[in-house]
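Take a look at the letters that make up each chain.
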Amino acid sequence: MKKLGHQDPTWLKGLIHALLIAACLVTIYPILRIVTISLRPGDRLMSTSLAIIPPDATLANYKAALLDHDFLLWIWNSFVITIATAFIGLTLASTSAYAISRWKFPGRNSMLIFLLGTQMIPAAMLMVPLYMLAAKLGLINTYRGLVIAYSVSSVPFSIWILKGFYDSIPTTLEEAAMIDGASRMYTFIKIILPLTTPALAIAFLFNFMNSWNEFMLARIMLPKPGMFTWPLGLQSLQGQYTTLWGIYSASSIMLSIPVIILFLYSSKWLVSGLTAGSVKG
Amino acid sequence: MSSQVVLTSLGQVGGTILWMFLGFALIELIIWIFGKKVLRNNNTLVAMLVLPAIIGLSLLLIFPLIYEVLLAFSNMNLFHFRNPDYSLKIGLENFIRVFSKPILKTQTFFPVLLRTFLWTSQVFVHASFGMLLAMLLNRPGLKFKNIYRAILILPWAMPQVISALAWRSEFNFGYGFPNIILNRIGLEGIQWKADPIWNFLAMIMTNIWLGIPFMMVIALGGLQSISNEYYEAAHMDGASGWTKFTNITLPLMKPVLAPSVMLGIIWTFNNFNIPYFINEMKLETSEILVTALFRAAFNFNQYGFAAAFAIIIFALLFSITLLYVKWTGALKGVTD
């Protein structure tokens, strides 16, 4: 694609690398600081050293997070809620997106605008009514409340991503299957869904990350420490007790690594999903 | 963490999924009978595919919204929690109060609004830096491109709560790295948490750090889709780098950047985590509209008033977005 003849001159190359390296340093330094603090022994948390690996590095904070604190319980709470919501959300989004992509039904355009409009509602605005509803229905301090609330929250965005993918699959595939006598639903489940597995994975990941990282709603729906999801747990660690800084950092690192790996692995598709409709010719 | 906990949670979540599944099955059955047998409508299958999501969204978004409007016409607060009064007069008073009296303890509406605009305008910094980094990464034959990209994307990949809390501790006066660096080069440390202006700047710095990667990735995707032929043709005609940028790159990038900037504006305007966490001392001078709303509702328990406040915020964001869409045509390709 790119012609080698158009290489930049050496000085420009040097400048570009210098700029990029500077940007990378600014980006990664605050993250490395979390690693640094997580490796410090408990009595040296208050330190003005800027070394990335402390000379007396220890894994004690990791051990303490896993054994002495409710870290595993928080992860478990988050995990149960998130997996359930991601599956429900994906089911709802994949079927709707397919209908929107394939049929020009009345009300289709207003539905697309409606989906976009939902993105504009400030989450803080829904908190009071959702809290009242949850209180009336007895859903405070239950997994149930959050599963129901989260399950549809990322449906609009998932529909947008999936619609873009369905649009890119030619309709001739379904027409051929239908000539052979297959029903519409059979075609969708047996032919279209397997073809869009990467898109489904992205939408699933997106649903997953949204609920996995959610803080505000969880904060008001789950006041009981035993029900905490990990963002609530982490915040409670950071509270007033600066001594728990190390344990907080260790937990953060353990939580971030799987998420970052998943994200980097899938970011290529994520971007093509986001830009699918907009880049033309 | 015990087996008891695991069993309870699995039972509860499993039960919820089962109930939701049964509910949706019932809805599908009703649509099917009604559409196919009664109306004999060709679009029955479409309705069956679309309606579960619409019903779910309506229950969780539209229903609370209607309830919110009702609340705005009530005097619900801590003292009138069980039996609030609803009336048009109370509603009007609520709406007038948003503009006439402090929305928190001391801050009134318009300073908070102005601050929210300042806060939201950082999206243009995200977009410019994102675009700049994307253009650097898109140079032909750049070495280590994937490594740079993977590092630069990290703030987006990190769970937001973690980065927000990490930045918050780094703004500690004695032990956070910004102040340590300032001290090393012989300057005074900054009161990131106590000083109103520095606290607001700390919020913005954190959010810029978080916001650039999204724009960079989107811009990179767009840049890669621009055909090299345009640049070669311009090169033949002797166009300078700047001319190429303003006449080829920017116009072709507009359809990619305009919707992303719109999303960025909506997300930043509605961003709760960063202002909430970085403002550890709850300075009222660092509140933006959505955090002020949260505090009015959950710290001061003024539910009726907060509902009126929320409706004003929503109307505001909605009109800004409409103006933006009109102005840039950001949604032209949407309904294709």
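Residues numbered from 1 in each chain as written. Chains lettered and ligands numbered in written order. Predicted model: local features only at pLDDT ≥ 70, side-chain atom pairs only at ≥ 80, totals over all residues.

When helices and strands are tallied, chain A shows 13 helices and zero strands. Ordering the α and β elements of chain A from the N terminus gives α-α-α-α-α-α-α-α-α-α-α-α-α. The buried share of chain A, taken over its 281 residues, is 42%. (Helix = DSSP H or I, 4+ residues; strand = E, 2+ residues; numbered from the N terminus. Buried ≥ 20, exposed ≤ 12 C-beta atoms within 10 Å, placed from the backbone.)

A word on the overall build of chain B. Counting its secondary structure elements, chain B contains 15 helices and zero strands. For 336 residues, the compact-globule estimate of 2.2 N^0.38 gives 20 Å, and the C-alpha radius of gyration of chain B, at 26 Å, exceeds that figure by more than 25%. If you line up chain B on its principal axes, its C-alpha atoms span 70 × 65 × 55 Å. Burial analysis of chain B (336 residues in total) assigns 40% to the buried set. Pairs at least 24 residues apart make up 66% of the contacts formed inside chain B by residues separated by at least 6 positions. (Rg over C-alpha atoms; globule rule 2.2 N^0.38 Å. Contact = placed C-beta atoms within 7 Å.)

What follows deals with the interface of chain A and chain B. Of the residues lining the interface, 85 residues belong to chain A; the matching set on chain B comes to 82 residues. Listed by contribution, the elements that provide at least two residues to the side of chain A that touches chain B are α1 (10-39), α3 (71-102), α4 (108-118), α5 (123-136), α6 (143-151), α11 (216-221), α12 (230-238) and α13 (245-275) of chain A. For the side of chain A that touches chain B, the class distribution of residues is 58 nonpolar, 22 polar and five charged. (Nonpolar A, V, L, I, M, F, W, Y, C, P; charged D, E, K, R; others polar.)

Before going further, it helps to spend a moment on the confidence of the model for chain B. Taken residue by residue, chain B gives an average pLDDT of 87. The fraction at 70 or more is 98%. For this predicted complex, the interface confidence reaches an ipTM of 0.81, while the overall pTM sits at 0.84. (pLDDT = per-residue confidence, 0-100.)

What follows concerns the nonpolar core. Counting residues in hydrophobic clusters, the biggest one holds 160 residues, and the most contacted among them are B:Leu293, B:Ala306 and B:Phe309. Among the elements that take part in this core, α3(A) stands out by supplying 15 residues, more than any other. Composition of this core by domain shows at least three residues from each of domain 1 (3-72) and domain 2 (109-328) of chain B. Those residues in contact with B:Ala306, other than ones at most four positions away along the chain, are A:Val128, B:Leu293, B:Ala296 and B:Ala297. (Core = buried A, V, L, I, M, F, W, Y, C linked by C-beta atoms within 7 Å. Domains from an automatic or database assignment.)

We now examine the packing of α6(A) against helix α1 (residues 3-39) of chain B. Where α6(A) meets α1(B), the closest approach of the two axes is 9 Å, and the angle between their N-to-C directions is 40°. One way to sum up the angle between α6(A) and α1(B) is to call them oblique. Of the two possible hands of crossing, α6(A) and α1(B) adopt the one that is right-handed. Packed against α6(A), whose contacting residues are A:Tyr143, A:Arg144, A:Val147 and A:Ile148, the element α1(B) presents B:Ser9, B:Gln12, B:Val13 and B:Thr16 at the interface. Split into classes, the residues belonging to the contact of α6(A) with α1(B) amount to four nonpolar, three polar and one charged. (Axes fitted to C-alpha atoms, helices over the stretch in contact; angles between N-to-C directions. Parallel < 35°, antiparallel > 145°, perpendicular 65-115°, else oblique. Left-handed = near helix turned anticlockwise from the far one by under 90°.)

This part is about α12(A). Owing to its 3.6 residues per turn, the α-helix brings residues three or four apart onto one side. Here α12(A) lies mainly inside the structure; seven of its nine residues are buried. Of all the positions in α12(A), only A:Trp230, A:Pro231, A:Leu232, A:Gly233, A:Leu234, A:Leu237 and A:Gln238 are classed as buried.

A residue-level look at chain A finds 89% of positions with pLDDT of 70 or above and a mean pLDDT of 82. In the model, residues 277-281 of chain A has pLDDT below 50 throughout and makes nine contacts with residues more than four positions away in sequence or in other chains.

A word on the domain arrangement of chain B. Residue and element names in this part refer to chain B. The assigned domain composition of chain B is domain 1 (3-72) and domain 2 (109-328). With four residues of domain 1 at the interface, the matching set in domain 2 holds six residues. Its residues assigned to classes, the side of domain 1 that touches domain 2 shows three nonpolar, no polar and one charged.

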